[in-house]
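Listed here are the chains, written in short residue letters.
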Amino acid sequence: METTSGAVAQAPAAEGGQQVPSARRTVDGYLQAPFPWYGLDEAFTGPRWLMQVGTSADGAVEHGSIGHGDEPSVKNEAGSTGESKEKFAVVVTVAANPSRRSADGTGLLEATSVSSAAWLAGVGLLSFTWPGQMDHSLRDDWLDQQTETAWVLADDLDGSDWSTLSLPVDGVPTPFHYRESEFGWVLAGSTQEGVHVGAYGRGMSAYGLGFAMIKDISAYA
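Cut-offs used in this document
- Residues numbered from 1 in each chain as written.
- Predicted model: local features only at pLDDT ≥ 70, side-chain atom pairs only at ≥ 80, totals over all residues.
- Heavy atoms only, no water.
- Patch = residues over 30% accessible without salt bridge, like charges linked within 9 Å, V, L, I, M, F, W, Y side chains within 5 Å.
- Areas by Shrake-Rupley, 256 points an atom, 1.4 Å probe, with all protein chains shown as cover.
- Salt bridge = Lys/Arg side-chain N within 4 Å of Asp/Glu carboxyl O.
- Lys, Arg positive; Asp, Glu negative; His and termini not counted.
- Charge placed at Lys NZ, Arg CZ, Asp CG, Glu CD.
- Helix = DSSP H or I, 4+ residues; strand = E, 2+ residues; numbered from the N terminus.
- Buried < 20%, exposed > 50% of the residue type's maximum accessible area, 1.4 Å probe, protein only.
- Core = buried A, V, L, I, M, F, W, Y, C linked by side-chain atoms within 4.5 Å.
- Pairing = 2+ DSSP bridges.
- Axes fitted to C-alpha atoms, helices over the stretch in contact; angles between N-to-C directions.
- Parallel < 35°, antiparallel > 145°, perpendicular 65-115°, else oblique.
- Left-handed = near helix turned anticlockwise from the far one by under 90°.
- Contact = heavy atoms within 4.5 Å.
- Nonpolar A, V, L, I, M, F, W, Y, C, P; charged D, E, K, R; others polar.
- pLDDT = per-residue confidence, 0-100.
- Phe/Tyr/Trp six-rings, centres within 6.5 Å; stacked < 30°, edge-to-face > 60°.
- Expected span 1.5 Å × (residues − 1).
- Arc of directions from axis to C-beta.

**What to know about a negative patch on the surface**
And step 1. Taken together, Asp 155, Asp 156, Asp 158 and Asp 161 make up a surface patch of like negative charges.
And step 2. If you trace the backbone, Asp 156 turns up in the loop between helix H3 (139-154) and strand S7 (163-169).
And step 3. What makes Asp 156 partly exposed here is its relative accessible area of 43%.

Here is the structure:
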(Lines give C-alpha, C1' and ligand atoms only; values in the text may rest on other atoms or scores of the structure.)
Protein backbone atom coordinates (compact mmCIF):
# COMPACT_ATOMS: atom_id res chain seq x y z
CA MET A 1 0.00 0.00 0.00
CA GLU A 2 1.60 3.23 -1.15
CA THR A 3 1.02 6.09 1.26
CA THR A 4 2.69 9.35 2.12
CA SER A 5 5.40 9.55 4.75
CA GLY A 6 2.92 10.98 7.23
CA ALA A 7 0.61 8.02 6.85
CA VAL A 8 1.80 5.88 9.75
CA ALA A 9 -1.07 5.16 12.09
CA GLN A 10 0.21 7.07 15.06
CA ALA A 11 -0.07 10.39 16.82
CA PRO A 12 2.27 13.06 15.45
CA ALA A 13 5.32 13.60 17.60
CA ALA A 14 6.49 16.99 18.78
CA GLU A 15 9.86 18.13 20.13
CA GLY A 16 11.35 15.77 22.70
CA GLY A 17 9.15 12.87 21.58
CA GLN A 18 6.02 14.25 23.26
CA GLN A 19 2.71 13.58 21.57
CA VAL A 20 0.76 16.50 20.12
CA PRO A 21 -2.36 17.13 22.27
CA SER A 22 -5.56 16.02 20.60
CA ALA A 23 -6.94 19.56 20.78
CA ARG A 24 -4.36 20.51 18.15
CA ARG A 25 -5.42 17.75 15.76
CA THR A 26 -8.17 18.59 13.33
CA VAL A 27 -11.08 16.67 11.90
CA ASP A 28 -10.59 18.09 8.38
CA GLY A 29 -8.78 15.08 6.92
CA TYR A 30 -11.31 12.67 8.38
CA LEU A 31 -14.16 14.59 6.76
CA GLN A 32 -12.50 14.23 3.35
CA ALA A 33 -12.60 10.44 3.49
CA PRO A 34 -15.13 8.76 1.13
CA PHE A 35 -15.53 5.85 3.57
CA PRO A 36 -16.94 5.45 7.10
CA TRP A 37 -14.74 5.62 10.19
CA TYR A 38 -14.76 3.00 12.92
CA GLY A 39 -14.09 3.17 16.64
CA LEU A 40 -14.93 1.16 19.73
CA ASP A 41 -18.65 0.66 20.24
CA GLU A 42 -20.78 2.35 22.90
CA ALA A 43 -19.74 -0.18 25.55
CA PHE A 44 -16.54 1.89 25.82
CA THR A 45 -17.35 5.03 27.82
CA GLY A 46 -13.86 6.53 28.23
CA PRO A 47 -12.12 9.33 26.31
CA ARG A 48 -11.91 9.24 22.52
CA TRP A 49 -9.50 11.35 20.47
CA LEU A 50 -8.36 11.96 16.91
CA MET A 51 -4.92 10.90 15.76
CA GLN A 52 -4.19 11.43 12.06
CA VAL A 53 -5.10 10.33 8.54
CA GLY A 54 -2.90 8.85 5.83
CA THR A 55 -3.19 9.68 2.15
CA SER A 56 -2.22 7.91 -1.06
CA ALA A 57 0.22 9.33 -3.58
CA ASP A 58 -2.64 11.11 -5.34
CA GLY A 59 -3.82 12.82 -2.14
CA ALA A 60 -6.86 10.66 -1.41
CA VAL A 61 -7.48 9.77 2.24
CA GLU A 62 -6.84 6.03 2.61
CA HIS A 63 -6.76 5.41 6.36
CA GLY A 64 -6.78 7.03 9.76
CA SER A 65 -6.80 6.31 13.48
CA ILE A 66 -9.05 7.01 16.46
CA GLY A 67 -7.67 6.67 19.99
CA HIS A 68 -9.52 5.42 23.05
CA GLY A 69 -8.54 5.63 26.71
CA ASP A 70 -5.27 7.16 27.88
CA GLU A 71 -3.25 9.01 25.27
CA PRO A 72 -0.13 6.84 25.07
CA SER A 73 3.40 8.06 25.45
CA VAL A 74 6.46 6.14 24.31
CA LYS A 75 6.94 3.18 26.64
CA ASN A 76 10.62 3.02 27.54
CA GLU A 77 13.25 2.56 30.22
CA ALA A 78 11.75 1.19 33.46
CA GLY A 79 8.26 1.22 31.96
CA SER A 80 9.22 -1.39 29.41
CA THR A 81 10.07 -3.99 32.02
CA GLY A 82 7.01 -3.49 34.17
CA GLU A 83 3.30 -3.37 33.62
CA SER A 84 2.22 -0.30 31.67
CA LYS A 85 -0.08 2.01 33.57
CA GLU A 86 -1.51 3.39 30.34
CA LYS A 87 -4.67 1.76 29.06
CA PHE A 88 -5.46 2.52 25.45
CA ALA A 89 -6.81 1.06 22.23
CA VAL A 90 -6.40 2.64 18.81
CA VAL A 91 -8.72 1.73 15.95
CA VAL A 92 -7.36 2.06 12.40
CA THR A 93 -9.83 2.29 9.50
CA VAL A 94 -8.48 1.45 6.03
CA ALA A 95 -10.42 1.97 2.80
CA ALA A 96 -10.85 -1.29 0.88
CA ASN A 97 -9.36 -0.21 -2.45
CA PRO A 98 -8.42 -2.39 -5.45
CA SER A 99 -5.15 -1.93 -7.30
CA ARG A 100 -5.60 1.20 -9.43
CA ARG A 101 -3.89 3.90 -11.43
CA SER A 102 -2.80 7.07 -9.66
CA ALA A 103 -4.73 10.23 -10.45
CA ASP A 104 -2.00 11.52 -12.78
CA GLY A 105 -1.75 8.17 -14.56
CA THR A 106 1.98 7.82 -13.91
CA GLY A 107 1.89 4.97 -11.42
CA LEU A 108 -0.07 2.10 -9.92
CA LEU A 109 -1.45 2.32 -6.37
CA GLU A 110 -1.37 -0.97 -4.51
CA ALA A 111 -4.59 -2.58 -3.35
CA THR A 112 -5.44 -2.37 0.34
CA SER A 113 -6.37 -5.46 2.32
CA VAL A 114 -6.68 -6.84 5.84
CA SER A 115 -2.88 -7.12 5.73
CA SER A 116 -2.72 -3.35 5.22
CA ALA A 117 -4.75 -2.84 8.40
CA ALA A 118 -2.59 -5.36 10.28
CA TRP A 119 0.61 -3.61 9.20
CA LEU A 120 -0.63 -0.12 10.10
CA ALA A 121 -1.77 -1.38 13.49
CA GLY A 122 1.56 -3.12 14.08
CA VAL A 123 3.55 -0.02 13.18
CA GLY A 124 1.22 2.13 15.26
CA LEU A 125 1.94 0.04 18.34
CA LEU A 126 5.68 0.27 17.66
CA SER A 127 5.46 4.06 17.54
CA PHE A 128 4.69 4.03 21.27
CA THR A 129 7.33 1.47 22.17
CA TRP A 130 10.96 1.78 23.17
CA PRO A 131 12.89 -1.21 24.55
CA GLY A 132 14.35 -0.64 27.97
CA GLN A 133 18.03 0.24 28.24
CA MET A 134 18.28 1.06 24.53
CA ASP A 135 20.38 4.08 23.64
CA HIS A 136 18.34 6.86 22.02
CA SER A 137 20.62 6.85 18.99
CA LEU A 138 19.73 3.22 18.27
CA ARG A 139 15.96 3.58 18.34
CA ASP A 140 15.63 4.52 14.66
CA ASP A 141 17.51 1.38 13.62
CA TRP A 142 15.40 -0.71 15.98
CA LEU A 143 12.19 0.87 14.67
CA ASP A 144 13.18 0.21 11.05
CA GLN A 145 13.88 -3.42 11.88
CA GLN A 146 10.64 -3.89 13.79
CA THR A 147 8.64 -2.13 11.07
CA GLU A 148 9.95 -4.63 8.54
CA THR A 149 9.05 -7.45 10.92
CA ALA A 150 5.53 -6.02 11.29
CA TRP A 151 5.15 -6.07 7.50
CA VAL A 152 6.35 -9.68 7.26
CA LEU A 153 3.86 -10.69 9.97
CA ALA A 154 1.02 -8.77 8.32
CA ASP A 155 1.77 -10.46 5.01
CA ASP A 156 1.25 -13.90 6.59
CA LEU A 157 -2.04 -13.63 8.49
CA ASP A 158 -2.56 -17.38 8.26
CA GLY A 159 0.78 -18.04 9.92
CA SER A 160 1.41 -19.40 13.39
CA ASP A 161 2.02 -15.92 14.85
CA TRP A 162 -1.68 -15.12 14.49
CA SER A 163 -4.76 -16.58 16.14
CA THR A 164 -8.43 -15.98 15.33
CA LEU A 165 -10.64 -13.85 17.53
CA SER A 166 -14.35 -13.15 17.00
CA LEU A 167 -15.48 -9.65 17.97
CA PRO A 168 -18.66 -7.69 17.19
CA VAL A 169 -18.59 -5.13 14.38
CA ASP A 170 -21.82 -3.12 14.21
CA GLY A 171 -23.29 -5.88 16.36
CA VAL A 172 -22.30 -8.69 13.99
CA PRO A 173 -19.74 -11.30 15.16
CA THR A 174 -16.71 -10.85 12.90
CA PRO A 175 -13.45 -12.85 12.65
CA PHE A 176 -10.21 -11.00 13.33
CA HIS A 177 -6.57 -12.00 13.05
CA TYR A 178 -4.98 -11.41 16.46
CA ARG A 179 -1.48 -11.50 17.93
CA GLU A 180 0.19 -10.45 21.15
CA SER A 181 3.75 -9.32 21.80
CA GLU A 182 5.73 -7.90 24.69
CA PHE A 183 4.68 -4.45 23.50
CA GLY A 184 0.92 -4.99 23.35
CA TRP A 185 -1.60 -6.57 20.98
CA VAL A 186 -2.60 -6.13 17.33
CA LEU A 187 -5.66 -7.30 15.43
CA ALA A 188 -7.17 -6.84 11.96
CA GLY A 189 -10.30 -7.78 10.06
CA SER A 190 -12.89 -6.50 7.58
CA THR A 191 -16.34 -4.96 7.87
CA GLN A 192 -19.49 -5.16 5.79
CA GLU A 193 -19.16 -1.44 5.03
CA GLY A 194 -16.26 -1.67 2.60
CA VAL A 195 -13.41 -0.94 4.99
CA HIS A 196 -10.79 -2.94 6.84
CA VAL A 197 -10.31 -2.39 10.56
CA GLY A 198 -7.09 -2.77 12.48
CA ALA A 199 -6.51 -2.08 16.16
CA TYR A 200 -3.69 -2.07 18.66
CA GLY A 201 -3.45 -1.42 22.36
CA ARG A 202 -1.88 -1.93 25.75
CA GLY A 203 -3.40 -2.27 29.19
CA MET A 204 -6.88 -2.97 27.73
CA SER A 205 -7.88 -6.53 26.85
CA ALA A 206 -8.75 -7.01 23.19
CA TYR A 207 -11.11 -9.87 24.05
CA GLY A 208 -13.89 -7.64 25.34
CA LEU A 209 -13.82 -5.04 22.58
CA GLY A 210 -16.48 -4.28 20.00
CA PHE A 211 -16.35 -1.97 16.99
CA ALA A 212 -18.96 0.33 15.49
CA MET A 213 -19.22 2.85 12.69
CA ILE A 214 -18.78 6.42 13.93
CA LYS A 215 -21.99 8.26 13.14
CA ASP A 216 -20.54 11.79 13.28
CA ILE A 217 -16.75 12.14 13.13
CA SER A 218 -17.10 15.94 13.39
CA ALA A 219 -18.16 15.42 17.02
CA TYR A 220 -14.48 14.69 17.72
CA ALA A 221 -13.42 18.19 16.62
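**A closer look at the pattern of salt bridges**
And step 1. Counted by the stated rule, this structure contains 1 salt bridge.
And step 2. Residues Glu 86 and Arg 202 are paired through a salt bridge, measuring 3.9 Å at the closest nitrogen-oxygen approach. Taken together, the positions of Glu 86 in the loop between strand S3 (61-69) and strand S4 (88-95) and Arg 202 in strand S10 (residues 195-202) put the pair 116 residues apart, joining distant regions of the chain.
And step 3. For Arg 202, a relative accessible area of 4% puts it in the buried group.

**Section: unusual backbone geometry**
And step 1. A positive phi is found at Asp 170, a non-glycine position, where the angle reads about 55°.
And step 2. Residue position: Asp 170 is located in the loop between S7 and strand S8 (172-181).
And step 3. Residue Asp 170 is classed as partly exposed on the basis of its relative accessible area of 37%.

**Observations concerning the nonpolar core**
And step 1. Membership of the largest hydrophobic core comes to 56 residues, with the highest contact counts inside it found for Leu 187, Tyr 200 and Phe 211.
And step 2. With 9 residues, the top contributor of residues to this core is helix H2 (residues 114-126).

**A word on the pairing of S4**
And step 1. Burial runs high along S4: 8 of the 8 residues are buried.
And step 2. The side-chain alternation of S4 yields two buried faces, one formed by Phe 88, Val 90, Val 92 and Val 94 and the other by Ala 89, Val 91, Thr 93 and Ala 95.
And step 3. With 7 bridges connecting them, S3 and S4 associate as antiparallel partners. Counted as the bridge partner of Gly 64 is Thr 93 from S4.
And step 4. Sheet topology note: the S4/S10 ladder contains 8 bridges and is antiparallel. Looking across to S10, one finds that Phe 88 is bridged to Arg 202.

**Here's the deal with the packing of H2 against H3**
And step 1. Close contact between H2 and H3 brings their axes to 9 Å; oriented N to C, the two are set at 155°. Taken together, the axes of H2 and H3 are roughly antiparallel relative to one another. Relative to H3, H2 is oriented so that their crossing is right-handed. Across from Ser 115, Ala 118, Trp 119, Gly 122, Val 123 and Leu 126 in H2, the residues of H3 making contact are Arg 139, Trp 142, Leu 143, Gln 146, Thr 147, Ala 150, Trp 151 and Ala 154.
And step 2. Within the contact of H2 with H3, the residues separate by chemical class into 9 nonpolar, 4 polar and 1 charged.

**A few points about the confidence of the model for the chain**
And step 1. For the chain, per-residue confidence averages 79 on the pLDDT scale, and residues scoring 70 or more make up 75% of the total.
And step 2. Per-residue pLDDT stays below 50 along residues 1-24; that stretch engages in 62 contacts with residues further than four places along the chain or on separate chains.
And step 3. In this model, residues 77-82 is a region of pLDDT below 50 whose contacts with residues beyond four sequence positions or in other chains number 9 contacts.

**Side note on the packing of aromatic side chains**
Each aromatic ring pair is characterised by the separation of its centres together with the angle its planes make.
And step 1. Applying the stated criterion to the full structure yields 7 aromatic pairs.
And step 2. On the numbers, 6.1 Å between centres and 70° between planes, the contact of Phe 88 with Phe 128 is edge-to-face. In this pair, Phe 88 is assigned in strand S4 and Phe 128 in the loop between H2 and H3, connecting sequence segments 40 residues apart. Per residue, the accessibility class of Phe 88 equals that of Phe 128, and both read buried.

**A look at H3**
And step 1. Relative to the 22 Å expected for 16 residues at 1.5 Å per residue, H3 spans 22 Å between its end C-alpha atoms, a close match to the ideal helical length.
And step 2. Of all the residues in H3, the buried ones are Arg 139, Trp 142, Gln 146, Thr 147, Ala 150, Leu 153 and Ala 154. Projection of H3 onto a plane perpendicular to its axis shows the buried side chains occupying an angular sector of 135°, all on one side. For H3, the exposed residues lying more than 90 degrees away from the buried face are Asp 140, Asp 141, Asp 144 and Gln 145.
And step 3. Structurally, H3 contributes buried residues whose contacts are with H2 and S8.

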